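Per-entry structural report
Letter by letter, the chains look like this.
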Amino acid sequence: MRLVGLAGLVVLAALVYLVFAGRLPFTPSFRIQATVASTNELKKGSPVRIAGVDVGQVVEMRSGPGDAATLVMKIADRGRPLHTDASLRIRPRLFLEGSFYVDLSPGSPSAPVLGDGGRIPLGHTAGPVQISQVLSTFTGDLRASLVGTLHELATGLGRGGATAFGRAARPVGDITRDGAIVAGAARGSGTHDTTELVQGASRLATALASRNRQLAGLVGDLRTTTDVLAGHAEDLAVTVRNLDHVLTVAPPALRAVDAVLPDLRRFTRTLRPSLRRLPPILQDGNAALEQAAALLAPHELPRLLASAGPAVRWLPTLTRRLQPLLSLVTPVSDCIRDRVLPVLFSAVKDGPLSTGQPAWLELLHSLIGTSGALQTIDGNGRAARVEASGGEESIVTAVAPGSGPLIGRVTDSQIASRPIPLGPGREPPLRPYAECRRQPMPDLDARTGTFAQPTRPNAARPPLKPDALRGILDGLSPRPQPTR
């Protein structure tokens, strides 16, 4: 029974201690005190925060010393360590009025650590701003001025000012959107981008701090620049107006540049393979330049000039002698450039038989057919064989070189020409003494049609006489070559 009574007394004493002391006996608790000018409606249990995080609470408030008050705060382990230069401020949870909390600053790490039961002096504490303190700053003159300001503001907004202000506020949306984009970009895309930014800014500040003299000179130059700008205020105003005009004209130009960018990207993609092949070319060019530099070196240049001296002395004579030659070559080159090449590179239009190929390619294809026709001719012949076909009409060509005229027989339905002949007794215009470059451009358009033969009565045609046949065979037979 004695043991039970003793245990009951211990439990009762612990409960009394808990009620009056606010904690269990023999349990560690870190507490500090602070002297404040006023408790400002703080109460037991009001939170104590460090950087917005709850680290403890107010456990006791008492008067003194003097007109001040003493706060006793219990601090959890997450709010430690505190230092002797720690400070606190009583802040409202709502603006100007409402419940309050203690905003605690732990102090600088270089100061000594504040132990259990330590005190923060009155000079390191501050109270909140009360609404009465705010209103006490408005004196009679200031209140009258504020009334006048509000009256003028109402007048301005009531006479179209509100509408104009609304129109002026519309671009703010774009500005804030762009600001949000810039702020989002400033945050970075990685985990440590902000840390790296701060480290870079620290290195920049360190570098600037190590160059005091250069910074002083920069400030002096900046002052000189501002003085010059102040002396040319009118010119600066004109520049600003012109800049406003440039900003007005710039959007269409920027849109045009934006339209060109896809083509530019395609061009760069096309150019990239050439750029990959460029280094060997540049290396070869560099080697050529090195050889040229060696050739122009002081120990090589005199011998080079001595070797080139005779050629240089003959240049005037060569120039004079080339002038007659160039005067003869120029008409030929002009003829080839302006008359021959356009014709060779133009296509022959022949109706349904048109191939669309240039004339020079058609000529090459004709050589293939000619080579096939010449396969039946022996090596001693001097003229191409003309295959004769049966028919009632005879065709006689002009005198062929080395063999005389060529004769053949065809039917009436085979007499056709591309282009259509001009007719009996008509010849195309010929100016043999005019320069080639002054001749009209040849017309390769083929006008296809059948040559109209003169009509004759249906009479029996006389057979071919033996003498005429012998003359035809003599004309086709090769002639003997003269002996040398």
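Residues numbered from 1 in each chain as written. Predicted model: local features only at pLDDT ≥ 70, side-chain atom pairs only at ≥ 80, totals over all residues. Heavy atoms only, no water.

1. Section: unusual backbone geometry
Look at the link from Gly64 to Pro65: it is a cis peptide, with omega at 0°. Within the secondary structure, Pro65 is located in the loop between strand E3 (53-63) and strand E4 (69-75). (Helix = DSSP H or I, 4+ residues; strand = E, 2+ residues; numbered from the N terminus.)

2. Notes on the state of the cysteines
Under the counting rule described, the total for this entry stands at 1 disulfide. Across a sulfur-sulfur distance of 1.7 Å, Cys335 and Cys436 are joined as a disulfide pair. Judged by the sign of its S-S torsion, about 55°, the cystine formed by Cys335 and Cys436 is right-handed. Residue Cys335 is found in helix H7 (residues 301-344), and its partner Cys436 is found in the loop between strand E10 (404-410) and helix H9 (466-476); the two are separated by 101 residues along the sequence. Take Cys335: its relative accessible area is 11%, and that puts it in the buried class. The exposure class of Cys436 is partly exposed, given its relative accessible area of 32%. (Disulfide = S-S within 2.5 Å. Buried < 20%, exposed > 50% of the residue type's maximum accessible area, 1.4 Å probe, protein only.)

3. A few points about the pattern of salt bridges
Pairing between side chains becomes possible if they bear opposite charge and their charged atoms approach one another. Under the definition given, this model contains 9 salt bridges. Among the ionic pairs, Asp54 bridges to Arg49, the shortest N-O distance being 2.9 Å. Notably, a salt bridge pairs Arg177 with Asp178, separated by 3.6 Å at the nearest N-O pair. With relative accessibility at 47%, the residue Arg177 sits in the partly exposed group. Bridged by salt links that share partners, the residues Asp334, Arg337 and Asp338 form one connected network. (Salt bridge = Lys/Arg side-chain N within 4 Å of Asp/Glu carboxyl O.)

4. Some words on the sheet that holds E4
Pairing in this open sheet of 8 strands is mixed, and the strands run E7-E1-E4-E3-E2-E6-E5-E8 from one edge to the other. The open sheet has two free edges, formed respectively by strand E7 (119-120) and strand E8 (125-126), since each of these has just one partner strand. The sheet contact formed by strand E1 (residues 30-36) and E4 spans 7 bridges and is antiparallel. Note on E4: the bridge partner recorded for Arg31 is Lys74. (Pairing = 2+ DSSP bridges.)

5. Regarding the pairing of strand E6 (residues 100-105)
In summary, the side chains of a regular strand alternate between the two faces of the sheet. Here 2 bridges tie strand E2 (residues 47-50) to E6, and the two strands are oriented parallel to one another. Bridge pairing in E6 places Val48 opposite Val102. Summarising the sheet, strand E5 (residues 87-92) and E6 pair through 6 bridges and their orientation is antiparallel. The partner of Ser87 across the bridge, within E6, is Ser105.

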